[in-house]
Amino acid sequence: MSGGPDSVALLILADRAYGPQALRVATVDHGLRQEAQQETAFVSHLCAARGIAHATLSDPASLRAPRQSVQAWARGLRYRLLGDWAAREQVRWVATAHHADDQAETFLMRAARGAGVSGLAGIRSVEPELLPAAAVVRPLLRWRRAELADIVATAGITPFHDPSNRNPAYDRTVFRALIAEAPRLDPAPEEIGRAPRRGGEIIVDHERRGQARDDHDLLHGGHPAADVRGRDLRD
């Protein structure tokens, strides 16, 4: 969890759905921003106020490979540290705050790079093998960025905003602006979630089709990783 609005909304929704005793929160400090310590302290305070265990993860010795993008390096570091933390804490499911707008941005980025069917599969709702000891679940893929921001504002919380999200040097920032400026590209959550799943299913073999069905059941079948939108969280 970062201190951004998407992560804060996920915390609010997960706390409301499952209660503080069922949750563990981890924040990764990549060491890239001066504000990082202030942001992790903010997240720690939010969690403490709700009685939720929180840990800050970092690895100052981690070095970026030559020609590796900052974002790719940060993602690799983030999931490595989260994987180690999940194993230590015996956490079985790690939820991230990716949402419908992220899905749309990812689709357009990969399409612009000439990705094939597998690349256009988009962000998956469940990735059981991304971490060594835990499944990664993304329960907010049918939520819009604006909806999540409204949840945070209604809770009276002022989140952090990562300045890199406005840096045009990053592809994602460019496509985010493109979506914002072109109403026809406005993500429709029902379709954004459905099309990537169809694309991904074209290339999987019989065994992975079975896994996909299991993943769907995991996400929608009354499981702790179930899509929180399915619960009555708006009251």
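No experiment lies behind these values; they were computed from the predicted model shown.

What counts and what doesn't
Residues numbered from 1 in each chain as written. Predicted model: local features only at pLDDT ≥ 70, side-chain atom pairs only at ≥ 80, totals over all residues. Heavy atoms only, no water. Pairing = 2+ DSSP bridges. Helix = DSSP H or I, 4+ residues; strand = E, 2+ residues; numbered from the N terminus. Salt bridge = Lys/Arg side-chain N within 4 Å of Asp/Glu carboxyl O. Buried < 20%, exposed > 50% of the residue type's maximum accessible area, 1.4 Å probe, protein only.

**Q** Outline the sheet that holds strand 3 (residues 93–95), listing residues and values.
**A** The strand order across the open sheet formed by three strands is 3-5-4, and the pairing between neighbours is mixed. Two strands in the sheet have a free side with no partner beyond their single neighbour: strand 3 and strand 4 (126–127). In terms of strand pairing, strand 4 meets strand 5 (residues 135–137) through two bridges, oriented antiparallel. Of the residues in strand 5, the one forming a bridge with Glu127 is Val136.

**Q** Let's hear about the pattern of salt bridges: which residues, and what values?
**A** Scanning the model with the defined rule gives six salt bridges in all. Asp59 is the salt-bridge partner of Arg80, the closest N and O atoms lying 2.7 Å from each other. Of this pair, Arg80 sits in helix 3 (residues 70–89) while Asp59 is found in the loop between strand 2 (53–57) and helix 3, placing the two residues 21 residues apart along the sequence. What makes Asp59 partly exposed here is its relative accessible area of 23%. With a closest N to O distance of 2.7 Å, Arg138 and Glu127 form a salt bridge. With Arg138 in the loop between strand 5 and helix 5 (145–154) and Glu127 in strand 4, this residue pair connects regions lying 11 residues apart in the sequence. Here Arg138 falls in the buried class, since its relative accessible area comes to 3%. For Glu127, a relative accessible area of 21% gives the class partly exposed.

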